[in-house]
Amino acid sequence: MLTEPAVDVTGDAMLAQELLNDLRAAQAKLEAAREDAASLKVLLALRTHQHDLAWQEAQRLAAELENARTRSSDLETERAEGQAGAASAAEADERTEAVRTVLGAVLDSIGSRALDRRRFQEIIARAGREASTDGPGAARHAVLLTEARRVLGIPG
């Protein structure tokens, strides 16, 4: 009977040794897992920081884009206003030129005693044919007609 407990003690010692080895292996694995977890935490922090920087840059670029669109819209409005002003100025110049044409026709049609109506009408008709029918030059036609009627005494 004495021999059996010796075997058991030796078996228990071997079992204890195996458990100790298993425990050491488990502790090594746990330490490796902790190191991996620490590395992953650092990587997560780095990625989070990079994401924050990228998000901030995207916000900044979106604001710049909005500002650029606003400036573009403002410039387009200014350009349109400038074109409208230029068109108004060109139309005013055409009206002025039409009045000068009528006045010149009056001066060229005045004879020694009175206005030669037929000559006046011919000069005005020629000026009307030479005037543009598009753009600011089209304003000349209305002024020629109105002022010629006034000179000839025709109610308008």
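The preceding data block contains the structure.
Below is a short write-up of the structure.

Cut-offs applied
- Residues numbered from 1 in each chain as written.
- Predicted model: local features only at pLDDT ≥ 70, side-chain atom pairs only at ≥ 80, totals over all residues.
- Heavy atoms only, no water.
- Patch = residues over 30% accessible without salt bridge, like charges linked within 9 Å, V, L, I, M, F, W, Y side chains within 5 Å.
- Areas by Shrake-Rupley, 256 points an atom, 1.4 Å probe, with all protein chains shown as cover.
- Salt bridge = Lys/Arg side-chain N within 4 Å of Asp/Glu carboxyl O.
- Buried < 20%, exposed > 50% of the residue type's maximum accessible area, 1.4 Å probe, protein only.
- Helix = DSSP H or I, 4+ residues; strand = E, 2+ residues; numbered from the N terminus.

## A few points about a nonpolar patch on the surface
A contiguous nonpolar patch, built from Leu40, Leu43 and Leu46 and spanning about 280 Å² of accessible area, is present on the exposed surface. Residue class for Leu43 comes out partly exposed when judged on its relative accessible area of 39%.

## Points about the pattern of salt bridges
Opposite charge on two side chains makes pairing possible when the charged atoms of those side chains draw close. Across all of its chains, the model carries seven salt bridges by this definition. One salt bridge connects Glu91 with Arg95, and the closest N-O pair in it is separated by 3.5 Å. Taken together, the residues span about one helical turn, with Glu91 and Arg95 both in helix H1 (residues 3-109) at a distance of four residues. For Glu97, the salt bridge identified is with Arg100, shortest N-O distance 3.6 Å. Of this pair, Glu97 and Arg100 both sit in helix H1, three residues apart, which is roughly one turn of the helix. For Glu97, a relative accessible area of 30% corresponds to the partly exposed category.

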